[in-house]
Amino acid sequence: MNKNLKTELIAINIILIPFLYLAYIWKELPEKVSIHFNLDGEIDRYSNKIELILVPILLPLLFYVAFKVISITGIKRNVNNNQFKLILISFMTVLALFILYTSKMQADYNFNHILLFIGVFYMILGYYFKTITPNYFIGIRTPWTLKNELVWDATHKFGSTVWVIGGIIILLMSLMIEQAMLFKLLVIVTLTISILPIVYSYFKFRSLVKLT
């Protein structure tokens, strides 16, 4: 079987999981379900259960469609990283399942558990950063990485390390720090690991320009 076709079939099966789960629990859902939570993990908004249909549509399905649009653009520097695509779609599928399950149980969620999941996700993203080839859609896309493939490669290797370390820090935070502080710390860590590779790409590009 063609590798790309195999990836598409796997992706479609993953996307279908939250749709099937929603269909399975539909009769058990109350007419009013929880659809939003505050930073303490408490339910702060309810709505008609029909809105839950948007969850699998806006999460795994939307990401799949976005990847399909990218793949048919015909732009020269395109992206074709099947593993990375499956990782992102799988993450969105798990997130959709969590939202649907929480709505079904009408329960508050523990942000420590969410942070644990985010930490692992950041580590996986970091691992795959170094495998992304130059493109205009996915990765650390700065003016300097897009101008020079050496800068792209170096920045993504650096970014890979930074994101893995950030994921480990977030994972440890989820196990050691109380829920009330977690969201602020998550924002700080996320901003730090997002900004550092951008700054690195600038100085890497400048160093290469000086050499030439």
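All figures in this text were calculated on a predicted structure; none of them were measured in a lab.

Participant: Help me understand the packing of helix H4 (residues 111-129) against helix H6 (residues 149-176), please; the structure alone is not making it clear to me.
Facilitator: How two helices sit against one another is set out by the angle between their axes and by the gap between those axes. Remark: H4 packs on H6, axes separated minimally by 7 Å, with the N-to-C direction vectors making an angle of 165°. As the angle between them shows, H4 and H6 are arranged roughly antiparallel. Relative to H6, H4 is oriented so that their crossing is left-handed. Each of Asn112, Leu115, Leu116, Ile118, Gly119, Val120, Tyr122, Met123, Leu125, Gly126, Tyr127 and Phe129 in H4 lies in contact with H6, whose residues at this interface are His156, Gly159, Ser160, Trp163, Val164, Gly167, Ile168, Ile170, Leu171, Met173 and Ser174. In the contact of H4 with H6, the residues fall into 15 nonpolar, eight polar and no charged.

Participant: What should I look at first to understand the pattern of salt bridges in this one?
Facilitator: Charged atoms that come close allow side chains of opposite charge to pair. Inspection of the entire model under this criterion finds four salt bridges. Across the pair Glu8 and Lys68 runs a salt bridge, and its minimum N-O distance is 3.8 Å. Separated by 60 residues along the polypeptide, Glu8 in helix H1 (residues 3-25) and Lys68 in helix H2 (residues 54-71) bring together distant segments of the chain. Ionic pairing is found between Glu8 and Lys85, a salt bridge with its closest N-O pair at 2.6 Å. Of this pair, Glu8 sits in helix H1 while Lys85 sits in helix H3 (residues 82-105), and the two are 77 residues apart along the sequence. In terms of burial, Glu8 and Lys85 fall into one category: buried. Through salt bridges with shared partners, a single network forms among Glu8, Lys68 and Lys85.

Participant: How do you make sense of the side chain of Thr142 when you look at a structure like this?
Facilitator: Relative to the helices and strands, Thr142 is located in the loop between H4 and helix H5 (143-147). Those residues in contact with Thr142, other than ones at most four positions away along the chain, are Ile198 and Ser201.

Participant: Hey, could you run me through the nonpolar core in this one?
Facilitator: One recurring pattern in soluble globular proteins: nonpolar side chains tend to sit buried together. In this structure, Leu52, Phe84, Leu115, Tyr122 and Ile170 are the most contacted members of the largest nonpolar core, which totals 35 residues. Residue assignment for this core shows that the elements contributing at least two residues are H1, H2, H3, H4, H6 and helix H7 (179-211). Looking at this core, the element that brings in the most residues is H4, giving nine residues. Every residue in contact with Phe84, bar those within four places of it in the chain, is listed here: Leu125, Tyr128, Ile132 and Ile138. Ala11, Ile14, Leu86 and Ile89 belong to the second largest nonpolar core, which has six residues in total.

Participant: Please clarify how the environment of Leu208 should be interpreted in this entry.
Facilitator: In this fold, Leu208 is placed in helix H7. Leu208 sits in the buried class, given a relative accessible area of 19%. Along the primary structure Leu208 and Val151 are separated by 57 residues, whereas in three dimensions their C-alpha atoms are 8.3 Å apart. In this view, Leu208 contacts Asn148, Leu150 and Val151; residues no more than four positions away in its chain are not counted.

Reading the values: rules and limits
- Residues numbered from 1 in each chain as written.
- Predicted model: local features only at pLDDT ≥ 70, side-chain atom pairs only at ≥ 80, totals over all residues.
- Heavy atoms only, no water.
- Axes fitted to C-alpha atoms, helices over the stretch in contact; angles between N-to-C directions.
- Helix = DSSP H or I, 4+ residues; strand = E, 2+ residues; numbered from the N terminus.
- Parallel < 35°, antiparallel > 145°, perpendicular 65-115°, else oblique.
- Left-handed = near helix turned anticlockwise from the far one by under 90°.
- Contact = heavy atoms within 4.5 Å.
- Nonpolar A, V, L, I, M, F, W, Y, C, P; charged D, E, K, R; others polar.
- Salt bridge = Lys/Arg side-chain N within 4 Å of Asp/Glu carboxyl O.
- Buried < 20%, exposed > 50% of the residue type's maximum accessible area, 1.4 Å probe, protein only.
- Core = buried A, V, L, I, M, F, W, Y, C linked by side-chain atoms within 4.5 Å.

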